[in-house]
Amino acid sequence: MSESRVNDFVLKIGTVNGTGSASANGLLLKAMFRMGIPVTGKNLFPSNIQGLPTWYGIRVNHKGYMARSKRVDIMVALNAQTYQKDMDNVSPGGFLIYDSTWPRERQLSRTDITILGAPLAKLCNENFSDARVRILMKNIAYVGVLAALLNLDTTILRALIEETFASKPKLVESNLKAINLGFNYAKDNFTCPLPVHAETMGDNSKHIMIDGNSAAGLGCVYAGATVGAWYPITPSTGLMDAFKAYCKMFRVDKETGTKNYVIIQAEDELAAAGTVLGANWVGARAFTPTSGPGISLMSEFIGFAYYTEIPAVFFNVQRVGPSTGMPTRTQQCDIMLCAYASHGDTQHPMLLPADPYECFEMAVSAFDLAERLQTPVFVLSDLDIGMNDWMIPELKWDDTYQPDRGKVLNSDDVDKLEKFYRYLDVDGDGIAARTLPGENAKGAYFVRGSGHNKHGMYTESSNEYKDLVDRLLVKWETARTLVPKPILIKARKETPIGIIAFGSSHGAVIEALDDLREKGIEADYMRVRAFPFNGEVTRFVEQHETIFVVEQNRDAQLRSLLILETNTDARKLVPVLHYSGMPIPTSCVVDGICEHLCAKDVA
Amino acid sequence: MSFIKKPKINNIPGQLQNEIGLLKRDYEGVLSTLCAGCGHDSITAAIVQAFWELSIPPEKVIKLSGIGCSSKTPAYFLSGAHGFNSVHGRMPSVAIGAHSGNRDLVCIGVSGDGDSLSIGFGQFGHAVRRNLNMLYIIENNGVYGLTKGQFSAAADKGSKSKKGDVNQWKNIDAVSTAISMGSSFVARSFSGDREQLITLIKAGIMHPGCAILDVVSPCVTFNNHAGSTKSYTYTRDHYHPASQTDFITPASEIKVSYAEGTSTVVELHDGSKLLLKKASSGYDATDRSRVMRYLEQQRAQGEVVTGLLYINAELPDMHRIYRTSETPMKDLEYEKLNPGSEALAKLQARMR
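Bear in mind that the values here come from a model prediction, so they are computed numbers and not experimental data.

This brings us to the overall build of chain A. Per the secondary structure count, chain A includes 19 helices and 25 strands. Here the C-alpha atoms of chain A give a radius of gyration of 27 Å, agreeing with the 25 Å that 2.2 N^0.38 yields for 603 residues. Dimensions of chain A along its principal axes, counting C-alpha atoms only, are 90 × 75 × 40 Å. With 603 residues in all, chain A has 54% of them scored as buried. Intrachain contacts of chain A at a sequence separation of at least 6 include 75% that bridge at least 24 residues.

Spelled out as structure tokens, the structure:
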């Protein structure tokens, strides 16, 4: 009945949040990672602290596909509340594992799947005395059951537990005991392994498992950021948590215990933005991580920074909007908001990472760009990238890297000038030199959000106003040449069909390209990595007859931006949209493209 | 034209140099465009005098503000200092960022009652809470001048507007609010009392924490009529100094002698001293609960109590609490900030 699926399956675990299942799920993920199999782990969790259903999905795929798959080959259903739904979600031929401590005969109603009961609670109650430990160990016990069913390498599991609890040997013992309870029960009662299982394959030693928020936080440390200001908001919080953790690791003076960083948990997002501006103004690299609602609140300062030309880095880990929306679900819904954030004529460079690897890289580039361009720069990640566990190539660091601090005149430079003018474009690239407070009275200038001229003086003169804002357009053209270029994946033969996507939609498109090829559809794929779009994006749009724009929002925001900024014929750009709050699955891309092409054929 | 350059005249006979060889004009800014007679201009003059007397190099100072008449004034003093005219009510957060980036800067923020007690009430509170090392002046006229005379949250209940409206709402008092929030330095003055103002500005600059200085500063255009409680006449009539302060730099010895039992000496971190003379009997600016009680009593009588009203020089400032490096963030070498490729490799070993 069940087809054999080796290293190509989806395992989903349904538990109750706040019971410690995260570490159990991490164990499973890492065990398969160490077996050399490409894996990704995605959390589906409620906006709640304890007691509500939560799921963790692990996709195991020997080809390395990272996108969410809608299928469920093995479901571990440990939450009575969602048991029926969890069972319904299992793909035909799949397996359902449940805790058989309590009978559930009435509900076991599917004949096209295999249902396996293991008395996890009973086993743990018999073997552990403490109530809290019993709950925790129940999670570890299902790891044991799965280890037997999925053919996981038990030596690796043991090593992982020993590493995790290196400082608490007692916990090693109890965790191993729980693993064995589950493992032995499965061996004794089920046919192990299942037709769906894992097998040791390649070598993952040049890869790591990391989430995008951690990678971005680490990137800020490597970029030399010294001031981080923020207000807690899901799903961006992990970014500042990571920055703090890595700063504690790398930035505390060993002799004095003093900190080479400042983290300000602000009273709100408005203050976080103000703090970032203040710090950058005096010459410290400063950033804030936030999510959509935070950007709304920061918008006044964003426009201020654009007009007064203060560098600043804003990470927007996007979540489902509008308003509070669904804070623990993912979307790419703030691309329009960030591109033109604030009142008046404003536009901002945006970097669009597709995975944690790029979160790290682009965190560093964001500071370089912000200081080079003296303007706010956005890094648009999302909940899927930021909070889920990704397998990526190991991060590299070039020790010859030096930060680009942009045009900053020091005290000696200022002394050589006859007079210093803050907003005078000497080089013709739209960027004027700045000075830093505290250095030279001759270089002092006055930052003001009110009208100012190229000399930095207050103005209400129409010509002086226009002169300044027109220069900002020159700077925008400079930005176009500096932001990361798009990445083009050519089809195997000439094709009039193009696909454009960005960020976390990448994984689904990559897999869809292969699926489409099997259906006889060839497409060129361009992954946009930044705004403003550079010439390559415009050319790609010009060179294809039909371009599918794949993105995770309702209103086709990237498509709108492309129409606005490339002067293309809007009819050429076909939206392929996914905005349920779950990460975009490959099938959405394939179906969206096929439907459009079929409809065209019929017509 | 709202920006007028002030002519600088060199070599005026008798112009004094301060300890670092600067003249008073070196502490001035561009010409004020505020209304003639505006209390704010008197405060600007006092700021110029205080910085000159303290011999602080202008380039070591940052001057910040929000939005409103008061917030225009940083352009009128210390042209050699970098200035930051931010957005409405948000000056404190910019100051926090600036001071996080460079803790060596002397920071002065100028705000108004509209800027700090309404739109910026939250940020005002959090600057106090963090004890950010800055002088935070609230130029308080009880009115929104630039938008032509609406009451601010500082306007007293029963006060009359120029158009004849009577304010129905209780006022927010910056002084008692700051003290109740745990401020380390709270003072009130009057733009018309130059001597007291200069002393309090100097004390506030040297205080190693967030010094809140609320200055009653009458608006000659919209709030200087009969029935207003923020007019020159009303303030002069109800003016009540609770303490007299002398500021003494570390170099000078205490010469002023007060009767025993009527003065307190507060020593600041750099060795300078504040000598507090108790104008009212039993007033002790270091006893928070008694200060609160006293202010409440005087307020009920409609008195404008001035002077250094509360001080706790021992309260650690933001950087001391945080244990920030003595070297300003912006001066830390990149080599010190970047962990390098080896550390990255080692770190990633744990991610497998």
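Resuming the write-up.
Now for the interface of chain B and chain A. Listed as interface residues are 51 residues of chain B and, on the opposing side, 60 residues of chain A. Elements with a minimum of two residues in the side of chain B that touches chain A: β2 (82-85), α3 (91-101), α5 (121-130), α11 (334-337) and α12 (340-348) of chain B. If one sorts the elements of the side of chain B that touches chain A by residue count, α3(B) sits on top with eight residues. The residue makeup of the side of chain B that touches chain A, split by class, is 21 nonpolar, 21 polar and nine charged.

Residue and element names in this part refer to chain B. Within the element layout of this structure, Asn224 appears in the loop between β8 (210-216) and α8 (232-238). With 40 residues separating them along the chain, Asn224 and Ser184 place their C-alpha atoms 32 Å apart. Apart from residues lying up to four places away in sequence, Asn224 is in contact with Pro218, Cys219, Ser231 and Tyr232.

What follows concerns the environment of Lys273(B). Residues and elements named next belong to chain B. Mapping Lys273 onto the fold places it in strand β12 (residues 273-278). The exposure class of Lys273 is buried, given the 20 C-beta atoms found within 10 Å. Sequence spacing of Lys273 and Ile248 is 25 residues, and the spatial spacing of their C-alpha atoms is 5.1 Å.

It is worth spelling out the domain arrangement of chain A at this point. Residue and element names in this part refer to chain A. The domain architecture assigned to chain A consists of domain 1 (5-203), domain 2 (210-393), domain 3 (408-482) and domain 4 (487-602). Here domain 1 and domain 4 have C-alpha centroids that lie 36 Å from each other. When grouped by side-chain class, the residues that make up the side of domain 1 that touches domain 4 number three nonpolar, one polar and three charged.

Residue and element names in this part refer to chain A. Cis geometry is adopted by the peptide bond preceding Pro235, which originates at Thr234 and carries an omega value of 0°. Note that Pro235 resides in the loop between β10 (227-230) and α8 (237-250). A positive phi is found at Asn567, a non-glycine position, where the angle reads about 55°. Of note, Asn567 is situated in the loop between α18 (557-566) and β25 (573-577).

Another aspect to go through is the pairing of strand β11 (residues 262-265) of chain A. Along any regular strand, the residues point their side chains to alternate faces of the sheet. Of the two faces of β11(A), the one lined by Val262(A) and Ile264(A) is fully buried and the one lined by Ile263(A) and Gln265(A) carries no buried residue. With respect to chirality, the unit in which β10(A) leads through α8(A) into the neighbouring parallel β11(A) is right-handed.

Next up on the list: the confidence of the model for chain B. Across chain B, the average pLDDT comes to 91, with 91% of residues at 70 or higher. Our summary of model confidence lists the complex with pTM equal to 0.96 and ipTM equal to 0.96.

Residues and elements named next belong to chain A. Interaxial distance between helix α5 (residues 154-164) and helix α6 (residues 169-189) falls to 9 Å at its minimum, and their mutual angle equals 150°. In terms of their interaxial angle, α5 and α6 are classed as roughly antiparallel. Between α5 and α6 lies a crossing whose hand is right-handed. Contacts between α5 and α6 involve Leu157, Arg158, Ile161 and Glu162 on the former and, on the latter, Val172, Asn175, Leu176 and Ile179. Residue composition of the contact of α5 with α6, by class: five nonpolar, one polar and two charged.

The next thing to look at is the packing of helix α1 (residues 21-34) of chain A against helix α4 (residues 131-150) of chain A. A pair of packed helices can be characterised by two numbers: the angle between their axes and the separation between those axes. Residues and elements named next belong to chain A. Orientation of α1 relative to α4, taken along the N-to-C sense of each, is 20°, at an axis distance of 8 Å. Considered as vectors, α1 and α4 are oriented roughly parallel to each other. Seen along the crossing, α1 lies across α4 with a hand that is right-handed. On the side of α1, the interface is formed by Ser21, Ala24, Leu27 and Leu28, while α4 contributes Asn139, Ile140, Tyr142, Val143 and Leu146. Partitioning the contact of α1 with α4 into residue classes produces seven nonpolar, two polar and no charged.

Next up on the list: the pairing of strand β12 (residues 286-290) of chain A. Residues and elements named next belong to chain A. Counting buried residues along β12, five of its five residues qualify, which places the element largely inside the surrounding structure. Burial along β12 is two-sided: the face carrying Ala286, Thr288 and Thr290 and the face carrying Phe287 and Pro289 are both buried. Direction of pairing for β10 relative to β12: parallel, over a ladder of two bridges. Directly across from Val227, in β12, lies its bridge partner Ala286. Taken together, the four bridges between β12 and strand β13 (residues 312-318) define a ladder with parallel strand orientation. Paired with Phe287 across the strands is Val313, a residue of β13. In this fold, the crossover linking β12 to β13 by way of helix α10 (residues 292-308) has right-handed handedness.

So, on to the sheet that holds strand β24 (residues 546-551) of chain A. Residue and element names in this part refer to chain A. A sheet is described by the order of its strands in space; here five strands give the open sequence β20-β22-β21-β24-β25, paired in mixed fashion. Single-partner strands in this sheet number two, and they are β20 (487-489) and β25. Within this sheet the neighbouring strands show an average axis-to-axis angle of 20°, counted without direction. Along the sheet face, α18 touches β24 and β25 and points at about 135° away from the line of β24.

Residues and elements named next belong to chain B. Compared with an ideal rise of 1.5 Å per residue, which puts 16 residues at 22 Å, helix α1 (residues 39-54) spans 23 Å between its outermost C-alpha atoms and is within 8% of the ideal. Those residues of α1 lying buried are Gly39, His40, Ser42, Ile43, Thr44, Ala46, Ile47, Val48, Ala50, Phe51 and Trp52. Count one or two residues on from α1 and you reach Ser55, which has phi positive near 55°.

This part covers helix α7 (residues 194-206) of chain B. Residues and elements named next belong to chain B. Taking 1.5 Å of rise per residue, the 13 residues of α7 would be expected to cover 18 Å, and the 18 Å separating its terminal C-alpha atoms lies within 8% of that figure. Burial analysis of α7 places eleven of its 13 residues in the buried class, the great majority of the element. Regarding α7, the residues found buried are Gln196, Leu197, Ile198, Thr199, Leu200, Ile201, Lys202, Ala203, Gly204, Ile205 and Met206.

Turning next to the sheet that holds strand β2 (residues 8-16) of chain A. Residues and elements named next belong to chain A. On the basis of which strands lie adjacent, the open sheet formed by six strands has the order β3-β4-β2-β5-β6-β7 and mixed pairing. Here the strands that pair on one side only, and so sit at the sheet edges, are β3 (39-44) and β7 (114-118). Taking each pair of neighbouring strands and ignoring which way they run, the sheet shows an average axis angle of 15°. The pairing of β2 with strand β4 (residues 53-61) spans nine bridges and is classified as antiparallel. Along β4, the bridge assignment pairs Leu11 with Ile58. Where α1 meets the sheet, it contacts β2, β3 and β4, and its direction lies at approximately 165° from that of β3.

Rules of the game
Residues numbered from 1 in each chain as written. Chains lettered and ligands numbered in written order. Predicted model: local features only at pLDDT ≥ 70, side-chain atom pairs only at ≥ 80, totals over all residues. Helix = DSSP H or I, 4+ residues; strand = E, 2+ residues; numbered from the N terminus. Rg over C-alpha atoms; globule rule 2.2 N^0.38 Å. Buried ≥ 20, exposed ≤ 12 C-beta atoms within 10 Å, placed from the backbone. Contact = placed C-beta atoms within 7 Å. Nonpolar A, V, L, I, M, F, W, Y, C, P; charged D, E, K, R; others polar. Domains from an automatic or database assignment. Right-handed = clockwise from strand over helix to strand, strands pointing away. pLDDT = per-residue confidence, 0-100. Axes fitted to C-alpha atoms, helices over the stretch in contact; angles between N-to-C directions. Parallel < 35°, antiparallel > 145°, perpendicular 65-115°, else oblique. Left-handed = near helix turned anticlockwise from the far one by under 90°. Pairing = 2+ DSSP bridges. Expected span 1.5 Å × (residues − 1).

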